[in-house]
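Residue-level listing of the chains:
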Amino acid sequence: MIDLQVELPGLKLKNPLMPASGCFGFGREYSKFYDLSLLGAVMMKAATGEERSGNPTPRVAETSSGMLNAIGLQNPGVAKIIKEEVPFLANYDTAVIANVAGSTVEEYEEVATKFNQTSDVHALELNISCPNVKEGGIQFGTDPEMAKHVTEKVKQASNKPVYVKLSPNVSNIVAMAKAVEEAGADGLTMINTLTGMQLHLPSRRPLIANKTGGLSGPAIKPIAIRMIYEVRQATNIPIIGMGGIQTAEDVLEFLLAGANAVAVGTANFQNPLILPELISELPEVLRKYGFSSVKEAVGKAVIE
Amino acid sequence: MKNTENEGWKNMRKVKMKLLEIREIAKDTIEMKLTDNYITEVAKPGQFISIALPNYTLPRPISIANIDRDKQELTLLFKIMGKGTNELAGFIPGAEIDCFGPNGNSFPLMSGEMTKVLLIGGGIGVPPLYYLGKQLKKQGIKVVSILGFQSSENVFYEKEFARLGETFIVTDDGSYGMKGFVTDAVTSVPSFNAYYACGPTGMLRALTTQLHNKTGYISLEERMGCTVGACAACVIPTTEGGYKKICHDGPVFAAEEVIL
Ligand SMILES: Cc1cc2nc3c(=O)[nH]c(=O)nc-3n(C[C@H](O)[C@H](O)[C@H](O)COP(=O)(O)OP(=O)(O)OC[C@H]3O[C@@H](n4cnc5c(N)ncnc54)[C@H](O)[C@@H]3O)c2cc1C
Ligand SMILES: Cc1cc2nc3c(=O)[nH]c(=O)nc-3n(C[C@H](O)[C@H](O)[C@H](O)COP(=O)(O)O)c2cc1C
Ligand code: FES
């Protein structure tokens, strides 16, 4: 038997696979395709203090080996999420990770405080890396001092383990990771999307209304692997890795680079059954490459 | 009134559909007949399916143009618009295509309340109206169709619609049927209980304005990510405030429910 279990701060996962934030809503739609109890965890869509309506459309565009999105944090607000969405996920035997977003430190604190009041949320994912909102978001994710400050404040506001989601739109990812580790982060999730742009030739205009959007999908996988590898060498807190995962071999590659668990975002769109498929295929891939558990593979890249 | 007729997306499934027949029915316009034993059983008029082509990141949403339940046959009509549809047009009979669906809600049929309805389609918005028209006719409702195309070479399914009832073809350049837009032809239909429309946003905007005192249902399009309601890519603002997701709360909306 290949052991898929993973234990992380606040999270006892039956396997290392979970949907990435924003690509799975609050689970309702994909629950029509399969039993969400199969999943290691669910990362909920971003929550802000108040309801947000998001950006104008078109909000997505396909690219070579990926896609751009500029949803703009559309969500019903933290209170409604706790009232209407969290109880739905609590019906399933899976861990629930809430994605905390905002434009000010106070808003992040407010959202974290509210999630702290429900025992059905097991950990927080601090989204300091959304590239698609005008103020806040990305600034917290690109300045180590600001990242540190907001992480400290959210840690004070909540008893739940805090995983900080890192933006790849920086020149020194290690400095960001170290800053939030110092601030008390319990873990890291990485990577969020890379800012990109695509033009429509007939109209000479950007394909998405927000002009720029976040690039995700297989196109960003090598960047995710490199960043996870660098951060693994320099920090001690666990990493939930993501960015372009499509196959069980990709999952193993993330584990080898240093991820303790992984999330799948964009790949759900082409194949709504991707997560259950990867969960069933992973044991065979681990065995094939000589591992008897997920834990054993973490950080085992041979890099001389 | 809102279109809350049903929440068809609740029975979405991933399936492999086998391609039975494929042919070009107008310029760059393809008719595909596929078979499967699930979607052909549950899908309703107005719903669409998502086609997952290998090596693409996003699924292609295509409306269900017809279903023959007894034969377990589903018809798609699509126009070659870019890379994905071009590739799809190259499939040969026997090919298995990864799909999921049926997605979205459906056209409300309101049997009993109506005696005569108008179907108004523009270009590649015509396909979902065919399956709808067939169902309406089966219920004994009189169907009149107005189909608009750019030019004579783009016209398709005229005969099929004519079998459902009186059918007017309109072309932008007058090379076939009446010259003008579907909005011009609407004035020549004296009375009807409700209309159903699908086509470019500009056409729908003009129509819903012109027919503001009529009961109408419109089917919308937007660029999509997940096509199942999970990513919030495909939104449309509503008259009540806020947004609805076209792939999940639509694609069919009551005319007064959304802001085009
Ligand atoms: C609910 C719904 C029903 C549809 N039904 C039909 C139909 O019955 N027949 C038909 O011919 N077309 C239909 N369309 C439009 C069809 O989905 C697009 O023409 C098709 O996705 C284009 O793909 P492509 O790869 O050829 O184009 P590309 O431009 O290469 O596609 C790039 C990306 O943009 C998306 N995209 C491009 N154009 C559109 C568009 N007009 N609407 C939505 N997404 C788009 C593609 O899905 C893809 O993700 C429908 C769209 C929606 C939303
Ligand atoms: C449509 C879409 C919406 C997203 N929304 C969020 C979000 O709300 N919060 C967040 O932290 N990340 C969000 N992300 C980023 C993903 O969680 C993930 O980090 C990224 O897409 C890389 O993984 P992938 O290549 O598997 O998609 C979003 C991504 C996509 C494609
Ligand atoms: S395309 Fe994802 S919500 Fe409609």
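Residues numbered from 1 in each chain as written. Chains lettered and ligands numbered in written order. Predicted model: local features only at pLDDT ≥ 70, side-chain atom pairs only at ≥ 80, totals over all residues. Heavy atoms only, no water.

## Here's the deal with the overall build of chain B
Counting secondary structure elements, chain B contains six helices and 16 strands. Here the C-alpha radius of gyration of chain B, 17 Å, is about what a compact globule of 260 residues would show, namely 18 Å. Each principal axis of the C-alpha distribution contributes one length, and for chain B these read about 50 × 40 × 35 Å. The long-range fraction of contacts in chain B, counting pairs at least 24 apart against all pairs at least 6 apart in sequence, stands at 63%. Carbon and sulfur atoms form 48% of the exposed surface of chain B, whose accessible area is close to 10,700 Å². Considering chain B, the positive charge centre built from 28 side chains and the negative charge centre built from 28 side chains are found 2 Å apart. (Helix = DSSP H or I, 4+ residues; strand = E, 2+ residues; numbered from the N terminus. Rg over C-alpha atoms; globule rule 2.2 N^0.38 Å. Contact = heavy atoms within 4.5 Å. Areas by Shrake-Rupley, 256 points an atom, 1.4 Å probe, with all protein chains shown as cover. Lys, Arg positive; Asp, Glu negative; His and termini not counted. Charge placed at Lys NZ, Arg CZ, Asp CG, Glu CD.)

## Some thoughts on the UniProt feature "binding site: FMN" (unreviewed entry) in chain A
Residues and elements named next belong to chain A. If you check UniProt for "binding site: FMN" (unreviewed entry), the listed places come out as Ser 21, Lys 45, Ala 46, Asn 99, Asn 127, Lys 165, Ile 191, Gly 217, Gly 243, Gly 244, Gly 265 and Thr 266 in our numbering. Position of Ala 46 relative to the elements: it lies in the loop between strand E4 (41-43) and strand E5 (60-63). On the accessibility criterion, Ala 46 (8% relative accessible area) is buried. When residues no more than four places from it in sequence are discounted, the contact partners of Ala 46 are Ser 21, Leu 73, Asn 75, Ile 81, Asn 99, Ala 101 and Asn 127. By the secondary structure assignment, Gly 265 is in the loop between strand E16 (261-264) and helix H8 (267-270). With relative accessibility at 14%, the residue Gly 265 sits in the buried group. Here Gly 265 is in contact with Ala 20 and Cys 23, once residues within four sequence places are set aside. (UniProt positions renumbered as here; feature names shortened; annotations may be inferred. Buried < 20%, exposed > 50% of the residue type's maximum accessible area, 1.4 Å probe, protein only.)

## Re the interface of chain A and chain B
Every contact between the two is made by 32 residues of chain A and, on the other side, 29 residues of chain B. The junction of chain A with chain B conceals about 2,500 Å² of combined surface from both sides, 60% of it contributed by carbon and sulfur atoms. Connecting chain A to chain B are two salt bridges. For Arg60(B), the salt bridge is made with Glu62(A), and the minimal N-O distance between the two is 2.8 Å. Contributions of two or more residues to the side of chain A that touches chain B are made by E5, strand E6 (66-69) and H8 of chain A. In the side of chain A that touches chain B, the residues fall into 13 nonpolar, 13 polar and six charged. (Buried area = accessible area lost by both parts, 1.4 Å probe. Salt bridge = Lys/Arg side-chain N within 4 Å of Asp/Glu carboxyl O. Nonpolar A, V, L, I, M, F, W, Y, C, P; charged D, E, K, R; others polar.)

## Details of the site of ligand 2
Residue and element names in this part refer to chain A. Taken together, 22 residues are adjacent to ligand 2, and Ser 21, Lys 165, Gly 217, Gly 244 and Thr 266 come closest. At 2.8 Å, a backbone N or O of Ser 21 approaches an oxygen atom of ligand 2. In isolation ligand 2 has 610 Å² of accessible area, and contact with the protein removes 96% of it. A class-by-class count of the residues in the shell around ligand 2 yields eight nonpolar, 13 polar and one charged. (Near = heavy atom within 4 Å. Polar contact = N/O pair within 3.5 Å; in protein donor to acceptor, adjacent residues only side chain to side chain.)

## Focus on the pairing of E16(A)
As a general feature of sheets, a regular strand has side chains that alternate between the two faces. Residue and element names in this part refer to chain A. Neither face of E16 is open: one carries Ala 261 and Ala 263, the other Val 262 and Val 264, and all of them are buried. Strand direction decides the pairing type here: strand E3 (residues 17-19) and E16, joined by three bridges, are parallel. Opposite Pro 19, over in E16, you have Val 264 as the bridge partner. Two elements, strand E15 (residues 239-241) and E16, share two bridges in a ladder whose sense is parallel. If you follow Gly 241 over to E16, its bridge partner there is Val 262. (Pairing = 2+ DSSP bridges.)

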